[in-house]
Amino acid sequence: MRGKIFSGLLAGLFTLSLGLTAVAAEDHKAEAMKHAQAAVDSGQKGDAIGVAQHAETAKTHATAANQANPNPHLDAAIKSLDSAIEHGNMGHAEIAGKAAEEAMTHLNAVKQ
């Protein structure tokens, strides 16, 4: 009897942890999207450093979301964010902004 109760408790905890992982991944995806959009907005204003800073924060969240729930669109978004960071740091606001837009496209394609 104890074994069945213990097994039931373990199964319940496992199910709960899967649910929490999905919620955490969704939260990180939402944060990544928020900062990627801010990077796009900075690019439209010609603020290359702003693109790089927001893209860096977006990348942190996209990476966390990808660790919790791997997805090829998150991989592609991270690559685009890397490009946005690189070009933003070089002062290329327009190119960095376009890379941030690509990241947004991939983040929007992620189904969690």
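(A) The pattern of salt bridges, seen in detail. Inspection of every chain in the model, using the stated rule, returns 2 salt bridges. One salt bridge connects Lys 34 with Glu 31, and the closest N-O pair in it is separated by 3.3 Å. Placement of the pair is Lys 34 and Glu 31 together in helix H1 (residues 2–44), with a separation of 3 residues, close to one helical turn. A salt bridge links Asp 82 to Lys 59, with the shortest nitrogen-to-oxygen separation between them at 2.7 Å. Linking Asp 82 in helix H3 (residues 72–89) with Lys 59 in helix H2 (residues 48–68), this pair joins segments that are 23 residues apart in sequence. A residue is classified by how much of its surface remains accessible, and Asp 82, at 32% relative accessible area, is partly exposed. For Lys 59, a relative accessible area of 24% translates into the label partly exposed.

(B) Structural detail: the nonpolar core. One finds Ala 36, Ala 55, Leu 81, Ala 84 and Leu 107 to be the most contacted residues of the largest nonpolar core, which totals 22 residues. Elements represented by at least two residues in this core include exactly H1, H2, H3 and helix H4 (93–109). With residues up to four places along the chain from it excluded, the contact list for Ala 55 reads Ala 39, Leu 81, Ala 84 and Ile 85.

(C) Focus on the confidence of the model for the protein chain. Per-chain confidence: the protein chain averages 86 in pLDDT, with 77% of residues scoring 70 or above. Across the protein chain, H3 holds the top mean pLDDT of 98, while H1 sits lowest at 71.

(D) Up close: the side chain of Asn 66. Along the chain, Asn 66 falls in helix H2. For Asn 66, a relative accessible area of 13% puts it in the buried group. If we ignore the near neighbours within four places in the chain, the residues touching Asn 66 are Asn 71, Leu 74, Asp 75 and Ile 78.

(E) Structural detail: H3. The terminal C-alpha atoms of H3, which comprises 18 residues, lie 26 Å apart, in line with the 26 Å expected from a rise of 1.5 Å per residue. Sitting at the head of H3, Asn 71 places a side-chain oxygen 2.7 Å from the backbone nitrogen of His 73. With its phi angle positive at about 90°, Gly 91 sits one or two positions after the end of H3.

Calculation notes
- Residues numbered from 1 in each chain as written.
- Predicted model: local features only at pLDDT ≥ 70, side-chain atom pairs only at ≥ 80, totals over all residues.
- Heavy atoms only, no water.
- Salt bridge = Lys/Arg side-chain N within 4 Å of Asp/Glu carboxyl O.
- Helix = DSSP H or I, 4+ residues; strand = E, 2+ residues; numbered from the N terminus.
- Buried < 20%, exposed > 50% of the residue type's maximum accessible area, 1.4 Å probe, protein only.
- Core = buried A, V, L, I, M, F, W, Y, C linked by side-chain atoms within 4.5 Å.
- Contact = heavy atoms within 4.5 Å.
- pLDDT = per-residue confidence, 0-100.
- Expected span 1.5 Å × (residues − 1).
- Polar contact = N/O pair within 3.5 Å; in protein donor to acceptor, adjacent residues only side chain to side chain.

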